[in-house]
Amino acid sequence: MKLEKSEILKALEKITIAGEGKNMVESGAVKNVITFGDEVIVDLVLSTPALHIRKRAEVDVMKVIHENVYEKAKIKVNIKVEAPVAEPKKNEIKGKPIPGISNIIAVASGKGGVGKSTVTSNLAVTLAKMGFKVGLLDADIYGPSAPIMFDVERERPLSVKVGDKSKMKPIENYGVKILSIGFFTQPNQAVVWRGPMAAKALNQMIFDAAWGELDFMLIDLPPGTGDIHLSIMQSLPITGAVVVSTPQNVALADARKGVAMFQQDSINVPVLGIIENMAYFTPDELPNNKYYIFGKEGAKNLAEDIEVPFLGEIPLVQSIREAGDVGRPAALQTATPIEKAFEELTKNVVQEVVQRNEALPPTEAIKITTMAGCSAIKK
């Protein structure tokens, strides 16, 4: 069967790309259509680097041609991303990068108790297993957990000479360099600090540390959207943010706020995607059963609703909790479903970072000033 270009274009008019508001042909996304008998090549140009948008466009093209033109058509879709280049703003404040650190990823959650620190620690060790150089900054000043999760509670950072300056040497375990306020306090000691004091401690761990060469620095942020978050984004040009949530509605409502914080015009940190933790429970005696204790695919649906990538789901498994409690992240276990789940999740995060770096300029830090007793944010 010989396919006609006009038929293909007419079918493609049925597709609307997320965020465009026009059909694929009208918006100019379709750059070329070539037909050879029953073979079709469609060249698309999209303005968003998000992987899930690209995949959806490819699937939609194949589906609409098969359903409306020829069900046995052999289709190839070539997708190119051309993100609009943002004009530099006057008086913009560039972030203060840390020499030797390529990518800084903030891991956040709108709500406490969703497993953000557990996800961060397992993401870190999985990156290290893949051969990346990884650092983890535990920025949860009031509830640090990295020392426990990496079995380094009794360790204390040493002072090392870097040039003519003395710097803290991060604690290292499982191939991950770690700094946390937990290294400087006693287990039964509560950290009762106001915002400026907490921000100063964070800046010391960021800039007065000998991190060395890192492919990724993960920053485990405290729950919510507050002063610590602003301090971090003021100090560093964050490459992108990852938001962790459970599927339940009360957590999703706060996760939506977490995404909105990063997407504010005054902050403008790219959101790499959403992770669904505690997605389902599978008992050992019923390995083929899934019980959706906190709801089904809530974070996945939220990601689609607000048009950010869905990075993956982690099941509710007792061994993940046990591994964190004994200081050996569950992703270190080999040949297990948990290892596979974290590997898939980590690959998606890395892919989104690559897409983000190819399509967008470096993130700026933000400047925080005080006006009428409130924190105002501006470039």
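Above: the structure in question.
Described below are features of the structure shown in this document. (Residues numbered from 1 in each chain as written. Predicted model: local features only at pLDDT ≥ 70, side-chain atom pairs only at ≥ 80, totals over all residues. Heavy atoms only, no water.)

Looking at a nonpolar patch on the surface
Then step 1. A cluster of nonpolar side chains, F281, L286, Y291 and I293, forms an exposed patch at the surface whose accessible area comes to about 350 Å².
Then step 2. Within the element layout of this structure, F281 appears in strand β12 (residues 271-281). (Patch = residues over 30% accessible without salt bridge, like charges linked within 9 Å, V, L, I, M, F, W, Y side chains within 5 Å. Areas by Shrake-Rupley, 256 points an atom, 1.4 Å probe, with all protein chains shown as cover. Salt bridge = Lys/Arg side-chain N within 4 Å of Asp/Glu carboxyl O. Helix = DSSP H or I, 4+ residues; strand = E, 2+ residues; numbered from the N terminus.)

Examining the sheet that holds strand β2 (residues 39-46)
Then step 1. Read from one edge to the other, the open sheet built from three strands follows the order β1-β2-β3, with strand pairing classed as mixed. The sheet is open, and its two edges are formed by β1 (30-36) and β3 (74-81), each paired on a single side. For this sheet, the mean angle separating the axes of adjacent strands, direction not counted, is 10°.
Then step 2. Alignment of β1 against β2, held across six bridges, turns out to be antiparallel. (Pairing = 2+ DSSP bridges. Axes fitted to C-alpha atoms, helices over the stretch in contact; angles between N-to-C directions.)

Let's talk about the pattern of salt bridges
Then step 1. Applying the stated rule across the entire model yields six salt bridges.
Then step 2. Taking the shortest distance from any N to any O, the salt bridge between D254 and K257 comes out at 3.9 Å. Residue D254 and its partner K257 are both found in helix α7 (residues 249-263); the two are separated by three residues, about one turn of the helix.
Then step 3. For R321, the salt bridge goes to D325, with nearest N and O atoms at 3.0 Å. Of this pair, R321 and D325 both sit in helix α9 (residues 318-325), four residues apart, which is roughly one turn of that helix.

With respect to the side chain of E352
Then step 1. Residue position: E352 is located in helix α10 (residues 337-359).
Then step 2. Among all residues touching E352, those that are not within four sequence positions of it are A50, L51, L272, P309 and L311. (Contact = heavy atoms within 4.5 Å.)

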